[in-house]
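# Analysis of the macromolecular model
Listed below are the residues making up each chain.
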Amino acid sequence: MNITFPKELVFATNNRHKLEEAAAILGSSVRILSLQDIDCREELPETKDTFEGNALQKARYICDRYGVDCFADDSGLEVDALGGSPGVYSARYALLKGAALQAHDDAANTRQLLRDLDGIADRGAQFRTVTALILQGEEHLFEGIVRGTITLSPAGEGGFGYDPVFIPEGYDRTFAQLLPEEKNSISHRARSLAAMKKYFSPL
Ligand code: IMP
């Protein structure tokens, strides 16, 4: 079946950087609309316990209320020795362990992670993104993974979240030490968007 690229797609996110990244990756063939563009000022629900569940929940919310083709994503860090934690709780990791007062405390989250891995030799981990697309009422999921290792201590000033403690496979620097364009070219987010783009134009 030959799938045609939609002309416009709403990206259900309030994150400006994600919008710019998606526009750059999906190219000129599709116009990415923001939530602002469709006059949506609500907080999107994100209450599921999997990336797939959260990404679908956000995309369905927008599709049901605004009747538009759209996509949403959810990501996090999955650490092998912790059975895939913090996973969907990546942003709230230190908060849930009582080591921070709010979610998105990047310094507290990375400190907590290093504490939990103290003395553990297996440092394998991956960042994973799931992108949920709803196109003409049909739901599709795309995944992007970047494997790597967790360092013994933070290094680098760039990026956000767990970037200072994650060295991607094939590199000897953390995500926070790579140039933004280097990280963006191999990131889990970029890979899941690339998978969606490939679905639109498989050749
Ligand atoms: P989100 O679903 O993309 O908002 O990501 C949820 C959380 O996962 C973030 O708040 C970070 O803690 C973590 N995370 C996701 N992507 C990255 C990344 O590229 N670098 C570092 N941390 C990330």
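In short, a report on the structure.

Thresholds, definitions, all that
Residues numbered from 1 in each chain as written. Predicted model: local features only at pLDDT ≥ 70, side-chain atom pairs only at ≥ 80, totals over all residues. Heavy atoms only, no water. Helix = DSSP H or I, 4+ residues; strand = E, 2+ residues; numbered from the N terminus. Contact = heavy atoms within 4.5 Å. Expected span 1.5 Å × (residues − 1). Buried < 20%, exposed > 50% of the residue type's maximum accessible area, 1.4 Å probe, protein only. 1 Å grid on protein atoms, 1.4 Å probe; cavity = no way out; pocket = protein on both sides within 12 Å on 5 of 7 lines; lining within 4 Å. Points joined across faces, edges and corners; volume = space filled by probe spheres on them. Nonpolar A, V, L, I, M, F, W, Y, C, P; charged D, E, K, R; others polar. Salt bridge = Lys/Arg side-chain N within 4 Å of Asp/Glu carboxyl O.

A few words on the side chain of Q112. Structurally, Q112 is set in helix α4 (residues 106-116). In this view, Q112 contacts Y93, A94, K97 and A99; residues no more than four positions away in its chain are not counted.

Taking 1.5 Å per residue as the helical rise, helix α6 (residues 188-200) with its 13 residues ought to reach 18 Å, and the 19 Å between its terminal C-alpha atoms agrees with that figure. Along α6, the positions that sit buried rather than exposed are H188, R189, A190, S192, L193, M196 and F200.

Below, the discussion takes up the layout of surface pockets. Here the largest pocket defines a volume of roughly 1,300 Å³. Surrounding the largest pocket, 42 residues form its lining, N15, K18, H104, F160 and R189 being those nearest its centre. Element by element, the count of residues in the lining of the largest pocket is highest for strand β3 (residues 70-79), at 5 residues. Partitioned by chemical class, the residues of the lining of the largest pocket number 12 nonpolar, 17 polar and 13 charged.

Before going further, it helps to spend a moment on unusual backbone geometry. In this structure, the amide linkage connecting S85 to the following residue, P86, adopts the cis form with an omega of 0°. Counting through the fold element by element, P86 comes out in the loop between β3 and α3 (93-96). The backbone of D39 sits at a positive phi, close to 65°, despite the residue not being glycine. If you trace the backbone, D39 turns up in the loop between β2 (31-33) and α2 (51-66). Relative accessible area serves as the criterion here: at 54%, D39 is assigned to the exposed category. A positive phi angle is found at H104, which is not glycine, with a value near 65°. Structurally, H104 can be placed in the loop between α3 and α4. Note on H104: relative accessible area 62%, which makes it exposed.

All chains considered together, the criterion is met by 15 salt bridges. Of the charged contacts in the structure, one is a salt bridge between E182 and R173, with a shortest N-O distance of 3.3 Å. With a relative accessible area of 23%, E182 lands in the partly exposed category. Each of the salt bridges in this network shares a partner with another, and the network as a whole consists of E52, E78, R128 and E143.

This part takes up the side chain of K58. Mapped onto the secondary structure, K58 falls in helix α2. Under the relative-accessibility criterion, K58 is labelled buried at 8%. Once residues within four sequence positions are removed from consideration, K58 is found in contact with A12, L44, P45, E46, A72, D73 and D74.

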